[in-house]
Amino acid sequence: MALTRPIGQPEPDASGIPPQNGDAGPVTPIAAGEAGRVTPMMEQYQDIKAANPDCLLFYRMGDFYELFFADAEIASRALGIVLTKRGKHLGADIPMCGVPIERADDYLHRLIAQGHRVAVCEQLEDPAEARKRGAKSVVRRDVVRLVTPGTLTEDSLLDAKRNNYLLAVARARLSSAGDDSRFALAWIDISTGEFRVSECDRATLSAEIARLEPGEIIVSDALYGEPDLAAFWRSLPAVIPLARDVFDGATAERRLTSFFAVSTSEAFGALTRLEITAAAACVTYVERTQIGQRPPLSPPLRESTGASMAIDQATRGNLELMRTLSGDRRGSLLDAIDRTVTAAGSRLLAQRLSAPLTDPAQIARRLDSVASFAGDAAARAEARSRLHAAPDLARSLSRLAVGRGGPRDLAAIRDGMLAAADLARALASLKDKPAEIAGAMQACRKPDGMLAAELSAALAAELPAFKREGGFVREAYDKALEESRALRDESRRFVAALQARYAEDTGIRILRIKHNNVLGYFVEVTAQHGERLMGAPFNGTFIHRQTLAGQVRFTTTELGELEAKIASAAERALGLELEIFERLVAAVMAQSVNIKECAEALSALDVASALSHLAVERDYVRPQVDDSHAFVIDGGRHVVVEQALSRDGTPFIANDCDLSPPPQTGAGRIWLLTGPNMAGKSTFLRQNALIAVLAQMGSFVPAKRAHIGVVDQLFSRVGAADDLARGRSTFMVEMVETAAILNQAGERALVILDEIGRGTATFDGLSIAWATVEHLHDVNKCRALFATHFHELTALAGRLDRLHNATVRVKEWQGDVVFLHEVVAGAADRSYGIQVAKLAGLPPSVIERAKLVLAKLEQEDRVAPKGFEDLPLFAVPRKAPQEKPESAEDLLGAALAAINPDDLSPREAMEALYMLKAKLTGTHKP
Ligand code: ADP
Ligand code: MG
């Protein structure tokens, strides 16, 4: 359904001329001053506002969107714009603020980013139409769209390189007791038309949401209010509870099928009832927010559970897949591997990176494409240069479909189709065309060439951003349009001729014909000449309109006639242009399926050629990915660290890793990595995880050789002290996360544990680390890398047959420690803490003193070894026991008495608990 074009003219209706920011015009109240009397316009405003209570209402008045009452107060604060008053309502001032329509996107963007939702209310008729109904009648208005974070289409509101998903979550309880709920997820990117569904359980729900990073999540208000999920929903941005009917299972099938105009949901393949419920919630919400406009959604496509590597939120953050711990894209894995040349390609790359595959055949299909481009430099360069010319087809198509497109979107469709056809031709020379590339080439040729030709013929060379003022249809494209334009332009020449004639007739050389929005065309002379025109004989021709300080303005009958002619010609020309626009949009929509396939093909080719470009540039190899449990990396490197070092010309030291199950055992190996701080332990751990992610997303990897048996779950945790960047350095978080791994990791998991146990007292930490390694080895039986500063753990290799000790080599040179960053078998001989401290610039006196203390401690240790083979130095009590003034119980009592629970923040409470516990065990220094 096409909506009436909003009319961008001031509306002199019930409110009089709307005062706009910066306009010195008279302020006419939109509501009557006397209490109790409400103007028709205010009545209209309140009706519309009542229908959209949870949105800020952008109420169109002429060239502004105005906000009133509480909305105005919220928006003026949020946007930093002036809050004014406008008339009275029931005796009180009405707060008001406004944004000019040409800057509305910018303001919308800021409001959405702050979590607001906006209802955009337009004028649905020309104010002149309203006037015909009587002087007091109000221009028809209604909301044409709700702008919410998950339903954006404008480039100015979107990140070109990221998908923006609306996610619906539905739940089914399998039984009344226990936590056996199933969840269905349905997600849509309305700016590209992508539509997917999947199912999961409570344990994987948060990982799924972390993968999608939706801009907005909708749930039923019942699910939103569920006590065991309340904290979870609140931890996510933009979760909107909706009335039950949106998630009603009984009507879901009908709503979904009617949206796609199919007779049964079987048309979408096998979807569960729960998935249909979530999918229907999505389309219902889209219909409600887009008010009748239909974005070109693809039918919902089912993603089966387990099709991608499960990576939870903590692991994603930790490995800095999409952004760094501080939240920047720069420095992330995505940023380091992104060599795409189109925005759509960049989005697809991000999608693939956030969901590495688990099916070796599918992975191989993607790797084949990368290999093909990697082996043909000429074709690769050719492809990338053509892709460069391809605009964002999918987003332009969506905008056109929902009536928000402009002339430049039509041009984007044309240029995209031309670039695609061009690319398909160019790729004919590619030596090897594996399935993915061949399919993409075919899709590139699908759109009808006639459409591009028609668009080329119709569109002018320079295009305005909006269609509303016309001027985008090429000269001589349409005969009727050409006539109207000629008439309009000719009349303008008549105006110039008229000015010359009047100047001559009156002898006033500086007489001018001018135009403004209030008077239209008028004759203007200086005050001194004005007198003359008002007297005979000129007063027969010149009719006085206005006297200003220095000028006098007149009109003439002739000028009035000319003006009417110009206006009608211009109006007719604009009307014709808009008709042509709609015709072209219809022609594009008729090809929308082909255009969408073409857009997808372009992004797939962009990703494949970009990954091969990266592989060649940085010397990556094709990984071997299969169904085994192998994990062999020869000469592996860290994608991001390597690039950062190479900028300073520092080489990265490559390292091997082998977690494959030893012969005759099914279960993977665990490498226990020791070595001093700064040796490169964390880097080594992460590089192996990143290589697995890259391999399974279908990329070549930074190594000499890589053989990976599919990893289906990836876990990465960092000990609390390393995790300060996340602002939650508590030991509790570390333990909760470690618990999640030990409870969930299966035999195909890859687990990275970095300095687990360091967030607590030494003995606790060591014991927890010890037990964790044993559990991984005996129960989880997965491949794992474990970095630790607890040297004691290396003794475990004697008992656990699949535990392998490795260390990062350092050498000592003239009392300094030199990091070799080389991972070798064995255990670190000592921690080099003092050498590292020296490098860090501790005062020499402190270093000397520390060496003395260390020597003494080591001597004593050797004399009286207790417990484990060699107890760590830092476990020695810092105070001799006999110096203890009181018993632990006394200390505890005193400490407890000093605490006032009401004064503590949660974090302080946590720390107080540690302190108390430490007092009990005597490890805390009083
Ligand atoms: P650890 O975890 O052992 O304290 P990191 O992994 O944090 O050490 O590494 C410390 C620094 O050493 C890194 O920031 C990096 O600059 C450098 N580094 C680590 N591994 C390598 C390597 N293989 N080659 C070159 N430099 C490395
Ligand atoms: Mg580290």
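This write-up is about the structure you can find in this document.

**Brief notes about helix 17 (residues 435-444)**
Considered for burial, the residues of helix 17 that qualify are Glu-436, Ile-437, Ala-440, Met-441, Ala-443 and Cys-444. One face of helix 17 carries all of its buried residues, which in axial projection span an arc of 160 degrees. For helix 17, the exposed residues set more than 90 degrees away from the buried face come down to Ala-435 and Gln-442. At its buried positions, helix 17 is contacted by helix 12 (343-354), helix 13 (360-374), helix 16 (407-427) and helix 22 (592-618).

**Looking at unusual backbone geometry**
One non-glycine residue, Glu-213, lies in positive phi territory at about 45 degrees. For Glu-213, the position within the fold is in the loop between helix 5 (202-212) and strand 10 (216-220). Residue Met-678 is not a glycine yet carries a positive backbone phi of 75 degrees.

**Describing helix 8 (residues 249-260)**
One turn of an α-helix holds 3.6 residues; hence residues three or four places apart share an orientation. In this model helix 8 runs 18 Å from its N-terminal to its C-terminal C-alpha over 12 residues, within 8% of the 16 Å that 1.5 Å per residue would give. When helix 8 is considered as a whole, its buried residues turn out to be Ala-252, Arg-255, Leu-256, Thr-257, Phe-259 and Phe-260. Of the surrounding secondary structure, the elements contacted by the buried residues of helix 8 are strand 9 (194-201) and helix 9 (273-290). For helix 8, the N-terminal capping position is held by Asp-248, with its side-chain oxygen 3.2 Å away from the main-chain nitrogen of Ala-250. Looking one or two residues past helix 8, Ala-261 carries a phi angle of roughly 50 degrees, positive in sign.

**A word on the sheet that holds strand 19 (residues 631-636)**
Judged by pairing direction, the sheet is mixed, and its 4 strands sit side by side in the order 18-22-19-20 without closing on themselves. Both outer strands of the open sheet, strand 18 (624-626) and strand 20 (655-658), are each paired with one neighbouring strand and no more. Across the sheet, the mean angle from the axis of one strand to that of its neighbour is 10 degrees, orientation sign disregarded. Taken together, the 3 bridges between strand 19 and strand 20 define a ladder with antiparallel strand orientation. Its bridge partner being in strand 20, Val-632 is matched across the sheet by Asp-658. Together, strand 18, strand 19, strand 20 and strand 22 (705-709) form the strand contacts of helix 24 (residues 681-697), whose direction differs from that of strand 19 by roughly 110 degrees.

**Observations regarding the pattern of salt bridges**
This model, assessed by the stated rule, comprises 50 salt bridges. Where Arg-145 meets Glu-154, a salt bridge forms, and the shortest distance between an N and an O atom there is 2.6 Å. The buried category is assigned to Arg-145, whose relative accessible area is 6%. Its salt-bridge partner being Arg-171, residue Glu-226 comes within 3.0 Å of it at the nearest N-O pair. Taken together, the residues Glu-226 in the loop between helix 6 (221-225) and helix 7 (227-235) and Arg-171 in strand 7 (residues 166-172) connect sequence positions 55 residues apart. Here Glu-226 falls in the buried class, since its relative accessible area comes to 15%. Taken together, the shared-partner salt bridges connect Arg-196, Glu-208, Arg-211 and Glu-303 into one network.

**Focus on the site of ligand 1**
Near ligand 1 there are 13 residues, and of these Ile-653, Met-678, Lys-681, Ser-682 and Thr-683 occur at the shortest range. Within the backbone of Lys-681, an N or O atom sits 2.8 Å from an oxygen atom of ligand 1. Ser-682 is positioned such that a nitrogen or oxygen atom in its side chain is 2.7 Å from an oxygen atom of ligand 1. For the shell around ligand 1, the leading source of residues is helix 24, giving 3 residues. Looking at side-chain class alone, the shell around ligand 1 contains 7 nonpolar, 5 polar and 1 charged residues.

**Things to note about the packing of aromatic side chains**
A full pass over the atoms with the stated rule returns 13 aromatic pairs. Here Phe-542 and Phe-554 contribute two aromatic rings whose centre-to-centre distance is 6.2 Å and whose plane-to-plane angle is 80 degrees, an arrangement assigned as edge-to-face. Here Phe-554 lies in strand 17 (residues 551-555) and Phe-542 lies in the loop between helix 20 (527-534) and strand 16 (543-547), a separation of 12 residues in the sequence. One aromatic cluster is present, formed by Tyr-45, Tyr-59, Phe-68 and Phe-69 through successive ring pairs. In this arrangement the basic side chain of Arg-60 is found over the ring face of Tyr-65, its NZ or CZ atom lying 5.7 Å from the centre. The lysine or arginine in question, Arg-468, covers the ring of Phe-466, its NZ or CZ lying 4.2 Å from the ring centre.

**Section: the sheet that holds strand 24 (residues 749-754)**
The sheet built from 7 strands is open, its strands ordered 13-23-24-25-21-26-27 with mixed pairing. Here the strands that pair on one side only, and so sit at the sheet edges, are strand 13 (310-311) and strand 27 (816-825). The pairing of strand 24 with strand 25 (residues 783-787) spans 5 bridges and is parallel. In the sheet register, Val-751 faces strand 25, and the bridge partner there is Ala-784.

**Let's talk about the side chain of Glu-125**
In this fold, Glu-125 is placed in the loop between strand 5 (118-123) and helix 4 (127-132). The class for Glu-125 is buried, based on a relative accessible area of 8%. Only 2.8 Å separates the side chain of Glu-125 from the side chain of Arg-133, close enough to count as a polar contact. Within the structure, Glu-125 has its side chain in polar contact with the backbone nitrogen of Arg-140 (distance 2.9 Å).

Criteria and thresholds
- Residues numbered from 1 in each chain as written.
- Chains lettered and ligands numbered in written order.
- Predicted model: local features only at pLDDT ≥ 70, side-chain atom pairs only at ≥ 80, totals over all residues.
- Heavy atoms only, no water.
- Buried < 20%, exposed > 50% of the residue type's maximum accessible area, 1.4 Å probe, protein only.
- Helix = DSSP H or I, 4+ residues; strand = E, 2+ residues; numbered from the N terminus.
- Arc of directions from axis to C-beta.
- Contact = heavy atoms within 4.5 Å.
- Expected span 1.5 Å × (residues − 1).
- Polar contact = N/O pair within 3.5 Å; in protein donor to acceptor, adjacent residues only side chain to side chain.
- Pairing = 2+ DSSP bridges.
- Axes fitted to C-alpha atoms, helices over the stretch in contact; angles between N-to-C directions.
- Salt bridge = Lys/Arg side-chain N within 4 Å of Asp/Glu carboxyl O.
- Near = heavy atom within 4 Å.
- Nonpolar A, V, L, I, M, F, W, Y, C, P; charged D, E, K, R; others polar.
- Phe/Tyr/Trp six-rings, centres within 6.5 Å; stacked < 30°, edge-to-face > 60°.
- Lys NZ or Arg CZ within 6 Å of the ring centre and 35° of its normal.

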